[in-house]
There are 2 protein chains.
Amino acid sequence: MILEKINSPKDIKNLSQAEMEILSEEIREGIIKRVNIIGGHLGPDLGIVEATIAMHYVFDSPKDKFVFDVSHQIYPHKMITGRKEGFLNPEFYSKISGYSNPAESIHDNFIIGHTSTSISLATGLAKSRDLKNEKYNVIALIGDGSLSGGEAYEGLNNASILNSNIIIIVNDNEMSIAQNQGGIYKNLELLRKTKGKAENNVFRALGFEYLYVEEGNNILDLIQAFKETKGTQKPTIIHIHTLKGKGFEKAEIEKERYHWTLPNFLDNKQPKEQQENYDTITTDFILKKKANDSTIIAITPATPGVSNFSFDFREKMGANYTDVGIAEEHAIAYASALAKNGAKPILAIMSSFVQRTYDQLSQDLALNNSPATILIYWGGISSADATHLCTFDIPLISNIPNIVYLAPTNKEEYLAILEWAIEQNEYPVAIRVPFGEYISTGIKDQTDYSKLNKYKIHQKGKEIAIIALGNFFELGKQTAKEIEKRLGIIPTVINPIYITGIDEKLLKDLEKDHKIIITLENGVIDGGFGEKITRFYGTSNIKVLNFGGKKEFTDRIPLEVLYKKYHLTKELIVEDILKYL
Amino acid sequence: MILEKINSPKDIKNLSQAEMEILSEEIREGIIKRVNIIGGHLGPDLGIVEATIAMHYVFDSPKDKFVFDVSHQIYPHKMITGRKEGFLNPEFYSKISGYSNPAESIHDNFIIGHTSTSISLATGLAKSRDLKNEKYNVIALIGDGSLSGGEAYEGLNNASILNSNIIIIVNDNEMSIAQNQGGIYKNLELLRKTKGKAENNVFRALGFEYLYVEEGNNILDLIQAFKETKGTQKPTIIHIHTLKGKGFEKAEIEKERYHWTLPNFLDNKQPKEQQENYDTITTDFILKKKANDSTIIAITPATPGVSNFSFDFREKMGANYTDVGIAEEHAIAYASALAKNGAKPILAIMSSFVQRTYDQLSQDLALNNSPATILIYWGGISSADATHLCTFDIPLISNIPNIVYLAPTNKEEYLAILEWAIEQNEYPVAIRVPFGEYISTGIKDQTDYSKLNKYKIHQKGKEIAIIALGNFFELGKQTAKEIEKRLGIIPTVINPIYITGIDEKLLKDLEKDHKIIITLENGVIDGGFGEKITRFYGTSNIKVLNFGGKKEFTDRIPLEVLYKKYHLTKELIVEDILKYL
């Protein structure tokens, strides 16, 4: 096995072509094995094996610096740079993350997990190199999918005028996570068709030198192109045409399905019929609405998987579905204008990615008070990588004026809120789609959500009140039972629903027969929901405790560890209450 | 006077060429007169007069819908659409804002004041039109400067694949606010030189039909191009070459100086030598640093005026200065990588525009813990337009992990913090540059700012403590005097400096002999600094009152009115305290 002998990039440099080809196969086996056991990015990594070998063959990492956009294509690099055990030996899988991470290796220059950042980061590396009068190559590797992001374009615009060494390898596998969307992809297609010779070339237009490599899975072709470019003093694009999923036939064909997969994909079981869940009721709801209203439009920023916008759903929606590509800023402005002009947009976006849109939420949407509906997916404390935390959407969204942000706690509330959000015409509405256990009361929710900031009293008690937001409402109910059991007190339990407002009357009423209020929110406390409750009671005699996540980047910490650390179990909450009773 | 007879766009349609040319001159006079009295955007509006007349001559607003990017070019449109009094009659100036505003006119489709949003908004208008089976033209007008923003590119990418009517007029006046920066400007230059005939055309590459109008200040040429395009079903760029500042010679020559001006520019006084202020000490500091350290680099996202990065400063900085163009996202990632690679970047950005970078602050900067220095300018409650409020940076920045955000209160603190920020290597640091009255203690600040979250006790008293942040520290001191005067109590006064942390020991100590804590911050309270203090005291017997701005978009409300509304005067604060004593 050749891979066994590869402990650092220098071990690549003496390999023969034949050995490198064997190595490619070994790397592919490692990728497939790991992903099949713990899940991960499959298609993009399989496609970039040869290019990664060639990069390490020609360039000299860590002196030469690589930046891997979004890290969806970093597994082969990890295997070459001393981390092969993370692919060969299941015991070590959890030691090696799926993303670029300098804590793991000197060959990783940044922690990266959001798209379209690599060119800007590489530009900064190159500029600092020049300021320090040093000499080496700075190389960004970016997929065609990431090129639709505004930050990538801002980076291109600045990289091209650097007057110095910067090399951007565009890995064109003809796919984003889903199909590419956007005008630039017509140009990439033209460039592929003409083997890079078309006069009209977006990269040259932006001021770059340009090379095209048709056989982007051919190591020798890649080596030649990289050698030609190494040491250049002119900002250069190397456009390589690769096959996403290469070496695993199903991934070559079903590119979207195998972009990222859960474990056990080799079993090839047909995905079983989904039971009803928050995703299916969302898409069912949208389809039903659309049947009677041609202005309903579902929008995704290149992540249909987040909201389970299936192929079937997309087909049924037809022109009433827009994938804007990786372009979250555009997505918000687009949704705002659709709503302003009388259509009913529903934008589905993951909590971690809505971070890319603060100013669009503020200026394009909220300031214009456009009645668009934004669905925030996966919001909550999680065991995710540090790059994909979904704990910041409450402070992000809820401190912007005009937006009404709601956190339903079960199926019926969620559907009633969706219905209200889409049909009302007064506010931008964001909904934190319930996440986790699927809860249905079986009773249609008749609440009039146009009466903003009216909290729901689930259980009227005394002494202690628990205000438990969104998908921590269940924790609130459990805590109430624990309090009753341990203290013999029946506490009040409140489902606030509205993240963005205070039910002043209800809170005022609580003062009469309560001494302690606790707030629970599934996200970072700082700047979030609970602090506003505490502020309300700032001058009262009531004691308020806020429970939620700490302001920190956690990295693959198991949920139960985090819950314990943050005192987010009924037992620990009661312990804390006891201190103040 | 022809303008007197223009009350709506339909009054344009019967004008002869000669009359339109006279009208152009009258509009110019109106612009110059207004800007000379109340200040505003001069150069871009003077350059777009003919194009605006031609737009209204050919298209039928409000049926056809215009979107004005950033609104720097909207004065002529306002004069044609029933708002000429806002330019002819100083009495009415304040009724008409400098920005696109649907509340003023049915001919304005959005409130707009941040750049690069028009294409995305227009795409949403066009798509909703199609969903509703309506027919009309949607036209975005965007300046060349705004084309460097990522949101504009995301919009282009999506507009070009709309398969329907959308017309984007690119107003190429060869300038951003300052000089254009970025690769795309080489292509615009090539297109101008070849009269639009160059094969390599970034707009065609992105999938657009393309027309070029060399004489962008010639009404007939413009009318012809617009007529040719009207009703098109293909996404089309009309690239018009205009003269920024046209008709006012100085503005034609000194394009940056006259992009936006203060009142009385016609007096043509030489700008007087600036007295020492927070801007001058910043640039002096940076220049001095740079003299001894080649890795110091100042960065602006196309707004050197915000930080007073003068021509002289830029020249002296040379390669140690980067204007990244309107590309705030890139600016943060670029700064992060510069810092990570051992350089010392100082990014200067206006509070309102740092909003465009939440995810870059979080992912590119904070998650990577890059020791870059970000200077936040103009942070605070203001009488600005709703589009340019600077009240949200505290909730925006301070709820992101890892970033240390500080609010110095005078010259000496500011310089000491700057020095520490630039030389330290542990944290991303943001500094809220003091704004307003220039305060110098005359005593060098020897504080060790590496000891995070250590608040300063300015005055030790009892009963009441005032924690007054940043440029509300002076208000805090005044309030202390008022309390002493009215209540005979000497309160404690604290200068917290650190926005992002709690001085737990100090706060704990206050509990001993204080009953009321008040916090003062110059920004929106929600999600801000004071709420964290209140949370800290949530379970104590101390009463806490938070003072700051309300979560709302205010629009040109005089500062004294806002201060009164928010109880931000010493008298009103004392009144509030009295309720709880």
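Below, the structure is looked at part by part. (Residues numbered from 1 in each chain as written. Chains lettered and ligands numbered in written order. Predicted model: local features only at pLDDT ≥ 70, side-chain atom pairs only at ≥ 80, totals over all residues. Heavy atoms only, no water.)

1. Considering the overall build of chain A
Link 1 in the chain: Tallying secondary structure elements over chain A gives 23 helices and 18 strands in all.
Link 2 in the chain: What you see for chain A is a C-alpha radius of gyration of 26 Å, in line with the 25 Å of a compact globule of 581 residues.
Link 3 in the chain: Dimensions along the principal axes, computed over C-alpha positions, put chain A at roughly 80 × 55 × 50 Å.
Link 4 in the chain: Within chain A, contacts between residues separated by at least 24 positions form 76% of all contacts whose residues are at least 6 apart in sequence.
Link 5 in the chain: Working note: accessible area of chain A is about 20,000 Å², and carbon and sulfur atoms make up 50% of it. (Helix = DSSP H or I, 4+ residues; strand = E, 2+ residues; numbered from the N terminus. Rg over C-alpha atoms; globule rule 2.2 N^0.38 Å. Contact = heavy atoms within 4.5 Å. Areas by Shrake-Rupley, 256 points an atom, 1.4 Å probe, with all protein chains shown as cover.)

2. Section: the packing of aromatic side chains
Link 1 in the chain: With the rule as written, the count across this model stands at 41 aromatic pairs over all chains.
Link 2 in the chain: Ring geometry for B:Phe313 against B:Tyr321: centres 6.3 Å apart, planes inclined by 85 degrees, an arrangement best described as edge-to-face. Taken individually, B:Phe313 and B:Tyr321 each receive the classification buried, so the pair is uniform in this respect.
Link 3 in the chain: A centroid spacing of 6.4 Å and a plane angle of 50 degrees characterise the contact between B:Tyr455 and B:Phe529, whose relative ring orientation is tilted. Here the residue B:Tyr455 occupies a position in the loop between strand S13 (429-432) and strand S14 (456-459), and B:Phe529 occupies one in the loop between strand S17 (514-524) and helix H21 (530-536), the gap between them amounting to 74 residues.
Link 4 in the chain: In this structure an aromatic cluster arises from ring pairing among A:Phe59, A:Phe66, A:Phe68 and A:Phe226. (Phe/Tyr/Trp six-rings, centres within 6.5 Å; stacked < 30°, edge-to-face > 60°. Buried < 20%, exposed > 50% of the residue type's maximum accessible area, 1.4 Å probe, protein only.)

3. Details of the interface of chain B and chain A
Link 1 in the chain: The partner chain A presents 108 residues to the 108 residues of chain B that form the contact.
Link 2 in the chain: A combined buried area of about 8,900 Å² lies between chain B and chain A, and 54% of that area is made up of carbon and sulfur atoms.
Link 3 in the chain: The tally of links between chain B and chain A comes to eight salt bridges.
Link 4 in the chain: Salt-bridge contacts for B:Arg535 lead to A:Glu531; the nearest nitrogen and oxygen are separated by 2.9 Å.
Link 5 in the chain: One can count 55 residue pairs in polar contact (both at pLDDT 80 or more) joining chain B with chain A.
Link 6 in the chain: When residues in the side of chain B that touches chain A are grouped by element, the largest group, nine residues, is from helix H6 (residues 118-131) of chain B. (Buried area = accessible area lost by both parts, 1.4 Å probe. Salt bridge = Lys/Arg side-chain N within 4 Å of Asp/Glu carboxyl O. Polar contact = N/O pair within 3.5 Å; in protein donor to acceptor, adjacent residues only side chain to side chain.)

4. Quick word on the relation of the copies chain B and chain A
Link 1 in the chain: Of the transformation superimposing chain B on chain A, the axial component is 0.0 Å and the angular component is 180 degrees, with the fit at an RMSD of 0.0 Å. In short, the pair behaves as if placed about a two-fold rotation axis.
Link 2 in the chain: An overlap of 100% is found between the interface residues of chain B and their copies at the interface of chain A, pointing to a shared contact surface. (Least-squares fit on C-alpha atoms with pLDDT ≥ 70 in both.)

5. Observations regarding helix H1 (residues 17-38) of chain B
Residue and element names in this part refer to chain B.
Link 1 in the chain: Over its 22 residues, H1 extends 32 Å from the first C-alpha to the last, a length consistent with the 32 Å expected when each residue adds 1.5 Å.
Link 2 in the chain: Of the positions making up H1, those classed as buried are Met 20, Leu 23, Ser 24, Glu 26, Ile 27, Arg 28, Gly 30, Ile 31, Ile 32, Arg 34, Val 35 and Asn 36.
Link 3 in the chain: Of the residues trailing H1, Gly 39 is marked for its positive phi of about 80 degrees. (Expected span 1.5 Å × (residues − 1).)

6. Notes on the pattern of salt bridges
Residue and element names in this part refer to chain A.
Link 1 in the chain: Per the counting criterion, the structure on display carries 84 salt bridges over all chains.
Link 2 in the chain: Here Lys 485 ties to Glu 482 by a salt bridge, and the two come within 3.6 Å at their closest N and O atoms. Linking Lys 485 with Glu 482, this pair stays in helix H19 (residues 473-487), spanning three residues, or about one helical turn.
Link 3 in the chain: For Glu 482, a relative accessible area of 7% corresponds to the buried category.
Link 4 in the chain: Members of the salt-bridge network, linked through shared partners, are Lys 289, Asp 293, Lys 344, Glu 419 and Glu 423.

7. Notes on the sheet that holds strand S14 (residues 456-459) of chain A
Residue and element names in this part refer to chain A.
Link 1 in the chain: Here we have five strands laid out as an open sheet, ordered S14-S16-S15-S17-S18, and mixed in their pairing. Of all strands in the sheet, those bounded by a partner on one side alone are S14 and strand S18 (543-549). Direction aside, neighbouring strands of the sheet carry axes that sit 25 degrees apart on average.
Link 2 in the chain: Relative to strand S17 (residues 514-524), strand S15 (residues 463-468) runs parallel, the two sharing six bridges. Its bridge partner lying in S17, Ile 464 is registered against Ile 516.
Link 3 in the chain: Across the face of the sheet, H19 comes into contact with S14, S15, strand S16 (492-495) and S17 while running at roughly 160 degrees to S15. (Pairing = 2+ DSSP bridges. Axes fitted to C-alpha atoms, helices over the stretch in contact; angles between N-to-C directions.)

8. A look at the sheet that holds strand S5 (residues 209-213) of chain B
All names here are of chain B.
Link 1 in the chain: Here five strands make up an open sheet; going across it, the order is S2-S3-S4-S6-S5 and the pairing parallel. Only two strands of the sheet have a single partner each, and these edge strands are strand S2 (65-68) and S5. On average, adjacent strands in this sheet sit at an angle of 20 degrees to one another, irrespective of strand direction.
Link 2 in the chain: Sheet analysis places strand S3 (residues 138-143) next to strand S4 (residues 167-172), joined by five bridges and oriented parallel. Directly across from Ile 139, in S4, lies its bridge partner Ile 167.
Link 3 in the chain: Across the sheet, helix H8 (residues 184-193) touches S4, S5 and strand S6 (236-241), and the angle it forms with S6 is around 75 degrees.

The values reported here are purely geometric and, on their own, carry no functional implication.
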